[in-house]
Amino acid sequence: MASKPEIGAHQSGKTHHSQAHDRSHGHAPGPKKGGAGGHNWGRPGAELDLAAADVAREMAERSDDDVSLREVAVTLDTIAIESVIEHAVKEYFDSADLNEAGASIQRFRYGKHAHKIVATAVLLSLDRTNAERELCSRLVSRLRDMRIVSAGDMEKAFSEILAQIPDLKLDTPDVCDLVGRFLARAVADDCLAPAYVNEHRALNGDFSALAKDAVEKARTLLVIPFAHTRLDLVWGHNGSIEPLESVVESIKTLVAEYLASADIDEAERCLRELAAPHFHHELVFEAILAVLDTDTAKHASSAIELVVRLLSHTVAAGIVTPNQLETGIARVTDSLDDITVDDPHAPEYLDRLYSLMAADKALAEARALVAPPAGTA
């Protein structure tokens, strides 16, 4: 009997290990229950898991003796593919977790659209900072190493980007320089063959003059002395990821100084100067910990009001994303048992904090954006 098509959800094979939670450490463990535990609003991307589960359930309902279900990668259609990729890349920019990004992207089959993973990541990074561009270059290299994209996919992605440069320049004036840097870094990371840049059709006028400028920029970068070594810093020192401990300490200092001065403008300025947008969930985590560490109910009340004001301000300004807000809160919830050992009043203070957050318009709207679909919480 001919076998029927198999549809199901494929897991990347990554094993999830429980982690001990040290309050003084800056790592960001995943939320309890996949982010859907107490004081959480659902794990971002849960709707994708639900879609895969629905497909598997449908097959199970019409199963008979000649149908078997097993885990395989879900093949995406052209409508879903860009949404899935954009979601995964934005999550990666927020978390900077390269392993998780690779595993998340690997869960699906992209077929002839695999090049769009690279194209989408690069395009999303163009209007961001050098930190996200560095993250993007690392992701591009990892995708190639994992064989999620082929050499042909990589070339197709950059050719697609080059073709869009005239339109991209309207919103990103330095797009030729940025795309040239991405091209050169991709060659240095063995994602693209040097011949792709040296012999690209844009050099012969087959693309726009702006596309030719981008390719010429890449060629220039590739012929400088020690090019491959220097291209590791193609996004500058600001693009390199600061040591985790340094960023954590800076955020702790920022929170302490804010609680002492209540100067929200200075707090915002300091947060922006850190140039670590992928790590803003740490601000949420440390700010809430500061509330739980207060020694009296009076001090807790003052700290709660200040922290809600800080979180509301940074979320409304787009500095802290809804996903980062959720991640920071999930980390606190995940560590609450350990926190309560040292601070018995922590659950009480936390409930008061969450009640005030729920009444804040900016925070409530952010929470709604990452809430699970109705009936799935």
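Our structure is the block above this text.
Note that this is a predicted model, so its numbers are computed, not measured. (Residues numbered from 1 in each chain as written. Predicted model: local features only at pLDDT ≥ 70, side-chain atom pairs only at ≥ 80, totals over all residues. Heavy atoms only, no water.)

A few words on the overall build of the protein. Helix and strand content of the protein: 18 helices and two strands. Within the protein, the fraction of its 377 residues that count as buried is 45%. When contacts within the protein are restricted to residue pairs at least 6 apart in sequence, long-range pairs at least 24 apart make up 79% of them. (Helix = DSSP H or I, 4+ residues; strand = E, 2+ residues; numbered from the N terminus. Buried < 20%, exposed > 50% of the residue type's maximum accessible area, 1.4 Å probe, protein only. Contact = heavy atoms within 4.5 Å.)

The subject of this paragraph is the packing of aromatic side chains. Counted by the stated rule, this structure contains two aromatic pairs. Ring geometry for Tyr92 and Phe93: centres 6.0 Å apart, planes at 35 degrees, overall tilted. The aromatic ring of Phe285 is capped on one face by Arg331, whose charged end is 3.9 Å from the ring centroid. (Phe/Tyr/Trp six-rings, centres within 6.5 Å; stacked < 30°, edge-to-face > 60°. Lys NZ or Arg CZ within 6 Å of the ring centre and 35° of its normal.)

What follows deals with the pattern of salt bridges. One pass over the full model with this rule turns up 15 salt bridges. In this structure, the salt-bridge partner of Glu134 is Arg138, at a minimum N-O distance of 2.8 Å. Here the residue Glu134 and the residue Arg138 both occupy positions in helix 5 (residues 130–145), the gap between them amounting to four residues, near one helical turn. Residue Glu134 is classed as buried on the basis of its relative accessible area, which comes to 4%. Residue classification places Arg138 among the partly exposed residues on the basis of a relative accessible area of 35%. Residues Arg272 and Glu268 are paired through a salt bridge, measuring 3.0 Å at the closest nitrogen-oxygen approach. Within this pair, Arg272 and its partner Glu268 are both found in helix 12 (residues 264–274), separated by four residues, close to a single helical turn. Judged by its relative accessible area of 49%, Arg272 is partly exposed. Residues joined by salt bridges that share partners form a network here, namely Glu134, Arg138, Arg185 and Asp189. (Salt bridge = Lys/Arg side-chain N within 4 Å of Asp/Glu carboxyl O.)

Of note, Ile319 is situated in the loop between helix 14 (297–316) and helix 15 (322–334). Every residue in contact with Ile319, bar those within four places of it in the chain, is listed here: Glu268, Leu271, Arg272, His280, Thr314 and Gln324.

Contact geometry of helix 14 with helix 17 (residues 346–358) gives a least axis separation of 10 Å together with a crossing angle of 35 degrees. Seen from above, helix 14 lies across helix 17 with right-handed handedness. Where helix 14 abuts helix 17, its residues Ala297, Ala300, Ser301, Ile304, Glu305, Val307, Val308 and Leu311 lie against Tyr349, Arg352, Leu353, Leu356 and Met357. Of the residues contributing to the contact of helix 14 with helix 17, the split by class is ten nonpolar, one polar and two charged. (Axes fitted to C-alpha atoms, helices over the stretch in contact; angles between N-to-C directions. Left-handed = near helix turned anticlockwise from the far one by under 90°. Nonpolar A, V, L, I, M, F, W, Y, C, P; charged D, E, K, R; others polar.)

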